Amino acid sequence: MGTFLGMAYAYLQPERAGEYVMKLAKEIGRLSDNPFNNFLMIFTHNAGVSLLVLVSGLFFGLGPWVMILFNGLVVGIVAGFLVEVGTPATKVILGLVPHGVVEIPAFVLAGTAGIVWYRSIREAEKPARGFKDGMKRALKLYAVTVGMLLIAAFIEAYVTPKVAGL
């Protein structure tokens with residue numbers, strides 16, 4: 001849903017979307033010519049974001065929904081802007097799909113871990129015990145998330161550029 005909203009925004013407000021994309025590109029910085037450096041940068045960034053998604057689950061279980069919606073919005077703005085400035089839609093899709101099929105479920109799993117943690121606290125007779133038990137379950141799910149993000153970062157650094165012709 002966030003992706004479609006972002007694409008609509010880029011279509012309706014191309015100048016503002018362009019400003020946002022340029023600001024985002026400046027913050028992220030240029031990718032390296034070395035795929036391994038890109039792999040490390042992508043993985044560490046995504047692992048940090050997914051940890052924030054997990055912890056946001058402690059905010060009444062709503063945080064992951066907001067964060068995932070926001071990330072989708074950003075992807076949609078960037079994708080929509082790229083298409084608006086003439087990048088073929090197939091190239092944009094090929095730039096997202098190879099790693100996205102692993103990365104997006106990883107973020108959803110991180111959000112699920114956060115919600116599991118929150119529900120464990122809320123449903124426990126003793127909140128401190130629920131906090132501890134929920135954290136254990138959440139960290140097990142996060143370990144799977146990290147594994148998925150390693151795979152996604154590898155694909156994004158080594159496969160996506162070749163498939164998308166980047």
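Look a little higher up for the structure.
Quick caveat, the model's predicted, so the values are computed rather than measured.

Q: How should helix α3 (residues 35-56) be read in this particular structure?
A: An α-helical segment advances 3.6 residues per turn. Residues three or four places apart therefore align on the same side. Taking 1.5 Å per residue, 22 residues should reach 32 Å; α3 reaches 31 Å between its end C-alpha atoms and fits that length. Where the residues of α3 are buried, they touch α4 (63-84), α5 (89-123) and α6 (127-164).

Q: Honestly, unusual backbone geometry in this entry has me stumped. Any pointers?
A: Excluding glycine, a negative phi dihedral is what most residues carry, and trans is how most peptide bonds are arranged. We note that phenylalanine 60 has phi near 60°; this positive angle belongs to a residue other than glycine. Among the secondary structure elements, phenylalanine 60 is positioned in the loop between α3 and α4. Judged by relative accessible area, which is 63%, phenylalanine 60 ranks as exposed.

Q: What should I look at first to understand the environment of leucine 31 in this one?
A: Tracing the sequence through the fold places leucine 31 in the loop between α2 (14-28) and α3. In this structure the C-alpha to C-alpha distance between leucine 31 and alanine 157, which are 126 residues apart in sequence, comes to 9.6 Å. With residues up to four places along the chain from it excluded, the contact list for leucine 31 reads Asn38 and Met41.

Q: Looking at this model, I keep getting lost on the pattern of salt bridges. Mind explaining?
A: Oppositely charged side chains are able to pair whenever their charged atoms sit close together. For the structure on display, the rule yields 3 salt bridges. Glutamate 123 is paired through a salt bridge with arginine 122; the nearest N and O atoms lie 3.5 Å apart. No difference in accessibility class separates glutamate 123 from arginine 122, as the two residues are exposed. For aspartate 133, the salt bridge goes to arginine 129, with nearest N and O atoms at 3.4 Å. With aspartate 133 and arginine 129 both in helix α6, this residue pair falls 4 residues apart, about one helical turn. Connected through salt bridges with shared partners, the residues Arg119, Arg122 and Glu123 form a single ionic network.

Rules and cut-offs
Residues numbered from 1 in each chain as written. Predicted model: local features only at pLDDT ≥ 70, side-chain atom pairs only at ≥ 80, totals over all residues. Heavy atoms only, no water. Helix = DSSP H or I, 4+ residues; strand = E, 2+ residues; numbered from the N terminus. Expected span 1.5 Å × (residues − 1). Contact = heavy atoms within 4.5 Å. Buried < 20%, exposed > 50% of the residue type's maximum accessible area, 1.4 Å probe, protein only. Salt bridge = Lys/Arg side-chain N within 4 Å of Asp/Glu carboxyl O.

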